[in-house]
Amino acid sequence: MRILIAILFTVTMILSCQEPEVVVIPPPVHIERANIKLESLGGLVIGNSLTVTVITQKKKSNPINLVVSNDLVSYAIDILSDKRVELDGQYFIHSGLYTIAAIHNDSIIAKRSVTIEPGPMKGPLDVYTGPASIVTGSKQSSMIVTVPSDSLGNGFVRSTGVVYEKLAADQRSKWRPVKNLHSVFEFRSGSVAKKTLIGVSKQDVLANEQAVIETPDWPANFSIKVVSHHPFADNRQYLRLQTDKIVDDNGNQIADGTEVAYQVVEDYNVIALYKAITIDGVANVYIRNPSNPASWLIRSYIGFTSVSNGIPIAFKENISDLTIKYDRFTKRLLIGPLKSMLGQYAPDGTIVTLTHNGKEYKEETLLGEATFDLMNMGIEQKGNVLINVSDLEQEITL
Amino acid sequence: MALLMHGTLLSFTMGNTYDAYVHIFFGSHYAAGWFETWNYKWYTGFTMTSYPPLVHQVIAILSKVVGLKLAFLMWAMVAVGLFIRGVFHFSQLWVTPIAAGYACLLATLSSSYLEAVHIFGQLPSISGMALLLNACPELYRWIRFNRWSYYITGVSLIACLTAAHHVTTIFGMVFFIAPVLGVAVLDICIDERSGIENVRVMDFVKKVLRLSPKAILIGLTVITITVVMIFPYWYWSKTDPITQVSIPHGSRASFIEDPGLGMVFFLIPWGIMLFFLPGIFHKIFQKRNLFLGLSFALLFLLGTGGTTPLPKLILGANAFNILTLDRFTFWGSIIALPFFGQFMWSLAEGRLAAWVKWHLGAAIHMVTVLFIVVMMLFVAGLIINFSNMKPTQPTSIEMTPIASFLDRDGHDRWRFMTLGFGDQMAWLSANTSALSVDGNYHSARRLPELTTRPVERIENSKYLGEEGLEALRDFLSLPEKYNLKYIFSNDKFYEPLLYFYGWKKLKPLENGIDLWERQDVPPLPTILPKKDIPDIQRIMWGTLPIGSLLTAILLNTSLWFVRREDRKNLVALIPTYSSGKVARIVFVLWFLAVAAWVVLQGYNIQKAKNLHQDPVELVHTYFHAIDFKKFEEAYTYHDLSGGLTLEQYTLELSLEDGILASYAKLDTLIIKEVKQISDNKVKIDVKANWFTAVQKYSTEHTFDLNKKDEKWYIIKPEYEAATPPDQIINIPDINYYTQGRRKAEAGATFREDVLDRPELYVPAANLIKSDSTYHVVGIVTNIDNDPSFITIEAVLYDELGNTLYRANADEVLIHNLLPKESSGFRIDFDNWSILPDSIDREDVASFVVFARTSVTDEKFYKFMGLRELEVQDQQLHGRLDNYGNKEISIPQILALQYENDNLKWVKTHYMDKGIRPQREKPFEMELKNLKNLCLIEKGNNKNILINGSERQESAKLLPRNFFRQKNKALSTDEGIIILQTNGLVSF
């Protein structure tokens, strides 16, 4: 049995060792050609119907599959050879190149391209404007892009141009062609800050009004002046400073709300920083008077660039004399009444400082007087104390 | 009685409960889409399979007819009815039917049940308890009388229970069902041995072994039901495990250290039962009831929370930190009901009644019973009015204006957030289709800003301390991350934070809620991410729970009619409850001890009201009154002999605006020194620590106190004497207005109505390392002629260009800049914990700054100045002067610190007091020590992008001398400091 199996196995192996079978490739099938005839009543324009006839050499019994396609859509309908078929305008709502192919028995027997043109331009024109604000002085430009289209939204590859009209000293209207579906109008800013209106149109097809704001450039250097000044170190009062009308290099008034910074320098040190904003090109600032006599230099800045002149301002001592009384019974130190230079009480809230053993205590004046309750403050009722108001000081022994 | 009482009350209390609106919100989800398991409305979406759905699905069905709120009420009534029935039948396993009836009356007034329903609003939990109590007797009868129909009804109820509240199933097996099965087996032994005294342990053990197949069967049945009924829940738990850090809960606190929490989570739930606790323990620990006794004891212990270390040891740290332990007290108090009922029956008409009448007289007996009943009603009244006495929710908010705003004009294309709404935020979500970045169900959330912090939700972040505010700041500073654009605020506390983080306050809505908007936030993408589950699970989730309810109703009602006569024979073997003399003495002593403690607490409360006895106590109470804006009360603490009137006092307070006066909460108060000046005069130095939404403050105060007629009074300090110079101020100002859509048309904005982005320039942006934290500091200038809203974002990259960390400049930036105005900014990369573990801060190699702008019509106020500036020992001193005509509520100062012409740090400081027109206030600001800072990299044209373009594009608009102009600023030894000012002004 085993021998039989071995023999059978051997024979099978021998028989399987054969030459590979030769496969014959059939010759190509002859494809019969045909022609596609096109007729159009209204012209090759979107929305118009197109009559198609596929003319074959031999009449076909099977229907021919007619495929109408472009990059966006593809339609297929069955037609008979040599029969006129009207393709409705809805097949051609997109402008551009269409391919019409006739397919029979899985072979393309005819193929034809046709370009469908867009319809008449329709308003309103699609217009893009930007940037909507540009800085004067030819630093920036703005651009208007128009994309004309027909009633079905098809663009124009090329067309007669679009007219741009704006009010400017140097030009009235400009014409720009439509290329690659759009038209471009670019213009640089002028030297005058204003609102520029632009109209866009092509014959009877119009667009909405376009506007570009030409804004002032960076402020030029400017000047400041004193409007009101109380020349004493009365820190209840304000010094008022005002700029002149701040303009840019082209004379345009700068934008309202522009921040103006003021720097107060005393003995080469910056001691105060104030802010203001411009209204109609002018900024007003109120800087509080110092508490002590001082000589200031005030300068103003806009951003890191524009700078004003420097104004020196002086403040004299406001307190005329320093009166101190000590009530040993109630352990209270009464300072004042403090008189100001015009004979009036020193302003309420004037700070009086008492220094004892290196520690400072502060009180505010009311009706020119300030009181220190030494017992309440835990100060021993002996030794020296120093009283200081503004630039005046006096030491007393308790 | 229960239906009448709870039904009437719940319609009033529902809106003030913690959880009612959450469950209503869940119900609204199912009403909108029954089989939809993903809910987009909270966080960035969460799965509804994270909570057993039965109660919510019932609400959804009922809401189709009666609306959401009434649907909640209706189901709550069903739950109450089932609960009372459950108490009655459960009690009959342990006490006589009459005592069970008493238990039902007590259940109606049960303080723990009242708390669960009218304060917590935990409808699924109370539904679960009701179903469990009804299931227990069924399973008892199945074991004891071998009636398989009871197995079917018991299992059907457990199926419902699992679908309603699976936690009750899991723990209920241990604490309820196991003791009930145990006592059923014991009763079989008692039957066979004709009395419990004849039953030995071995008898019980043998019986248990013989009945073990049944035990295994019920165990397997419950496990199968628990798994299958809510299989999507388990699937979600396994595939998307919770990563949330433990959120503190009051039930885990030590009730001795925090008596307030002890009251809410221990005293209130136990209520009147506390007086009778030994008696209840004594009854529960009768031989027959031993299993239930063990269960009760364990529940009692676990309910004590962190008062002892035992609950944590028993549960394990993980479970202890995840579970809320009030549920154990709740279950314990329910278990105690039958025995409390037994006691009350005995007192009213049983053995105890006879004893009292015999020894003390009928009148005393009646008084005693009446007293207890009145006390129960009193406690019930207190609990129901708890939210009026100690409000746990803000006053009710009308949601219609908010929902209308969100649903129109495409506002729902962005996410929103609420602040100060309490649990009403869930009700808002139920009434709008807009999405919120916050939510009220923290088990399901996955946002790292929330899961890495122990905060419940953002909307009450002020109550959660610094962690809560940090979480809120994460969302406010980077709103683009979650497309967050609108915030509805019901709490002025957050106003400074919102303003200084660049949010704009719009006109308030008709309901008085403030609306805040953030500019320049992209809308939500059209397609939002969603975690889907297999369709089979969706079908299970939508059919099994509701199917279990219908099945349970069908089985229980039909079989009830069939078994009505049968039930009379299937009664439990109730022991005779009696107490020995010693036990009675213990009970009486305990009662008196608790009563004495209550009286003592009352005395302490009364004593605390008599504040003028102690000057230190008076100062504490004064600050407490100021903190809670109780100004009339604070006025009474002053020495009025000098003629101080209430009108004068409140006038001076009202003039004192500022972040501390209007937007702060008192954190701690430290009495630094008490100086006795004389017998009747004391000076107290106090340090008060406040926290606000933007930063913490410490203020120092010195109080002079006088003693008159044995009472101490505060001497009011003199109000500031300085007055402004001018009676009328005239300052020219500017107003901007952006039209938005000029045509009244709904839909997208026309491109003609979109304004250009203003031009911006970033002169400097540097990457700084401080210890191990990275920062980007810089300066930005609005070089346009329009006012601009600025957003500055910085991104850190590793060497391969992979993004490590994105962050925005938040409060350290003046977000709204006028033309030609500059601001420093600082971006801190200090919360690496919210990033994936794979990201390592050591990999930081480079950075990029993205700045973008949009036109704003924000109201500006720049009429201020800094003067008397001086730098001493790293401290900047000066005064801020308001020379304009508006009050600056919160002045802000930015200090840009340079070292060797390199900007190294930008610091912000908020003054603690507001400044009225033509007034000034001093400030002191600590500067940063620049020596500890390392400049890693300076920004250049390549890594600074402005409105999407490289920086040099903006530089084309700059004048030639822009870079030549030196910064004029304060000079210090280290370098120069540029100062800028800003402020929150009420217009």
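Conventions adopted
Residues numbered from 1 in each chain as written. Chains lettered and ligands numbered in written order. Predicted model: local features only at pLDDT ≥ 70, side-chain atom pairs only at ≥ 80, totals over all residues. Helix = DSSP H or I, 4+ residues; strand = E, 2+ residues; numbered from the N terminus. Rg over C-alpha atoms; globule rule 2.2 N^0.38 Å. Buried ≥ 20, exposed ≤ 12 C-beta atoms within 10 Å, placed from the backbone. Contact = placed C-beta atoms within 7 Å. Expected span 1.5 Å × (residues − 1). Bend = angle between axes of the 7 residues up to and from the residue. Pairing = 2+ DSSP bridges. Axes fitted to C-alpha atoms, helices over the stretch in contact; angles between N-to-C directions. Parallel < 35°, antiparallel > 145°, perpendicular 65-115°, else oblique. Left-handed = near helix turned anticlockwise from the far one by under 90°. Nonpolar A, V, L, I, M, F, W, Y, C, P; charged D, E, K, R; others polar. Domains from an automatic or database assignment. Core = buried A, V, L, I, M, F, W, Y, C linked by C-beta atoms within 7 Å.

Student: Before we go on, may I ask you to explain the overall build of chain A in this structure?
Tutor: Per the secondary structure count, chain A includes two helices and 31 strands. Its C-alpha atoms give chain A a radius of gyration of 48 Å, more than 25% over the compact-globule value 21 Å for 398 residues. Reported as C-alpha extents along the three principal axes, the dimensions of chain A are approximately 135 × 95 × 35 Å. Residue burial in chain A is summarised as follows: out of 398 residues, 31% are buried. Contacts in chain A between residues far apart in sequence, at least 24 positions, make up 58% of those at least 6 positions apart.

Student: For this particular structure, what's the right way to read helix H9 (residues 166-193) of chain B?
Tutor: Within an α-helix, residues lying three or four positions from one another point in the same direction, as the helix has 3.6 residues per turn. All names here are of chain B. Across its 28 residues, H9 extends 38 Å between first and last C-alpha, which sits within 8% of the 40 Å expected from 1.5 Å per residue. For H9, the principal kink sits at glycine 172 and spans about 60 degrees. Positive backbone phi, at 60 degrees, marks serine 194, one or two positions downstream of H9.

Student: Looking at this structure, I do not really get the pairing of strand E27 (residues 351-356) of chain A. What am I missing?
Tutor: Each regular strand shows side chains that alternate between the opposite faces of the sheet. Residues and elements named next belong to chain A. As paired elements, E27 and strand E28 (residues 359-364) share six bridges and run antiparallel to each other. Note on E28: the bridge partner recorded for leucine 354 is tyrosine 361. Between E27 and E28, which pair antiparallel and follow one another directly, the connecting turn spans two residues, one of which, asparagine 357, has a positive phi of 55 degrees. Pairing of E27 with strand E30 (residues 384-389) involves four bridges; the strand directions are antiparallel. Paired with threonine 353 across the strands is asparagine 388, a residue of E30.

Student: Can you help me understand the packing of helix H8 (residues 148-164) of chain B against helix H11 (residues 212-229) of chain B in this one?
Tutor: When two helices pack together, their arrangement is given by the angle between the helix axes and the distance between those axes. Residues and elements named next belong to chain B. Following both chains from N to C, one finds H8 and H11 inclined at 40 degrees, their axes separated by 9 Å at the closest point. With respect to each other, H8 and H11 are oriented oblique. The handedness of the crossing between H8 and H11 comes out as right-handed. Counted together, Val155, Ile158, Ala159, Thr162 and Ala163 of H8 and Thr221, Val222, Ile225, Thr226 and Met229 of H11 form the full contact between these two elements. Its residues assigned to classes, the contact of H8 with H11 comprises seven nonpolar, three polar and no charged.

Student: Got a minute to help me understand unusual backbone geometry in this structure?
Tutor: Negative phi is the rule for most residues except glycine; trans is the rule for most peptide bonds. Note the cis peptide between A:Gly130 and A:Pro131, where omega equals -10 degrees. For A:Pro131, the position within the fold is in the loop between strand E8 (126-130) and strand E9 (133-135). Residue A:Pro337 is reached from A:Gly336 by a cis peptide bond, and omega for that bond is 5 degrees. The phi torsion at A:Ser138 lies on the positive side, around 60 degrees, for a residue other than glycine. With respect to the helices, strands and loops of the structure, A:Ser138 is situated in the loop between E9 and strand E10 (141-147). The backbone of B:Ser194 sits at a positive phi, close to 60 degrees, despite the residue not being glycine. Checked against the element boundaries, B:Ser194 lands in the loop between H9 and helix H10 (201-210). On the basis of neighbour count, B:Ser194 is assigned to the exposed category, with 9 C-beta atoms found within 10 Å.

Student: Which parts of the structure should I look at to understand the domain arrangement of chain A?
Tutor: Interface size is commonly expressed as the accessible surface area that is lost when the partners come together. If you check the domain split of chain A, you get domain 1 (34-116), domain 2 (126-215), domain 3 (224-315) and domain 4 (324-397). Look at where the C-alpha atoms of domain 2 of chain A and domain 4 of chain A centre, and you get two points 75 Å apart.

Student: What's the story with the nonpolar core in this structure? I'm lost.
Tutor: Nonpolar side chains tend to gather and get buried jointly when the protein is soluble and globular. Counting residues in hydrophobic clusters, the biggest one holds 280 residues, and the most contacted among them are B:Ala103 and B:Phe340. Setting aside chain neighbours within four positions, we find B:Ala103 in contact with B:Val87, B:Ser91, B:Val95, B:Leu337, B:Pro338, B:Phe340 and B:Gly341.

Student: Honestly, the environment of B:Val985 in this entry has me stumped. Any pointers?
Tutor: Residue and element names in this part refer to chain B. When you line up the elements, valine 985 lands in strand E28 (residues 976-985). Taking C-alpha positions, valine 985 is 18 Å from arginine 879, a pair spaced 106 residues apart along the chain. Among all residues touching valine 985, those that are not within four sequence positions of it are Tyr861, Lys886, Glu887, Ile888 and Ser889.

Student: Please explain helix H18 (residues 326-349) of chain B as it appears in this structure.
Tutor: Compared with the 34 Å implied by 1.5 Å per residue over 24 residues, the 34 Å span of H18(B) between its first and last C-alpha is a close match. With 21 of its 24 residues buried, H18(B) lies for the most part within the structure.

Student: Sorry, what's going on with the interface of chain A and chain B here?
Tutor: Between chain A and chain B, the residue contacts involve 41 residues of the former and 38 residues of the latter. Mapped by element, the contributors of at least two residues to the side of chain A that touches chain B are E9, strand E19 (259-266), strand E20 (269-279), strand E21 (282-288) and strand E22 (294-302) of chain A. Ranked by residues supplied to the side of chain A that touches chain B, first place goes to E20(A) with nine residues. In terms of residue class, the side of chain A that touches chain B is built from 21 nonpolar, twelve polar and eight charged. Pairing between E20(A) and strand E19 (residues 864-872) of chain B: two bridges, direction antiparallel. Among the inter-strand pairings, A:Leu273 is bridged to a residue of E19(B), identified as B:Leu866.

Student: Can you help me understand the domain arrangement of chain B in this one?
Tutor: Residue and element names in this part refer to chain B. Looking at the assigned domains, one finds that chain B contains domain 1 (2-237 + 248-391 + 538-569), domain 2 (400-517), domain 3 (610-715) and domain 4 (751-985). One C-alpha centre belongs to domain 1, the other to domain 2; they are set 36 Å apart. Taken together, the contact between domain 1 and domain 2 spans 16 residues of the former and 20 residues of the latter. In terms of residues, the side of domain 1 that touches domain 2 owes the most to one element, helix H2 (residues 20-32), which gives five residues. By residue class, the composition of the side of domain 1 that touches domain 2 is eleven nonpolar, four polar and one charged.

Student: What am I meant to see in the sheet that holds strand E12 (residues 760-770) of chain B here?
Tutor: Either a parallel or an antiparallel arrangement is found when strands of a sheet pair, and the pairing is made through backbone hydrogen bonds. All names here are of chain B. Ordered in space as E17-E13-E12-E24, the four strands form an open sheet in which the pairing is antiparallel. Every other strand in the sheet has two partners, leaving strand E17 (822-829) and strand E24 (933-938) as the edge strands with one partner each. For this sheet, the mean angle separating the axes of adjacent strands, direction not counted, is 25 degrees. Judged from the five bridges that link them, E12 and E24 form a sheet pairing that is antiparallel. Bridge pairing in E24 places isoleucine 768 opposite leucine 935.

Student: Looking at this structure, how should I read the environment of B:Tyr499?
Tutor: Examined against the element boundaries, B:Tyr499 turns out to sit in helix H26 (residues 495-500). Distance in space between the C-alpha atoms of B:Tyr499 and B:Glu673 is 38 Å, their sequence separation being 174 residues.

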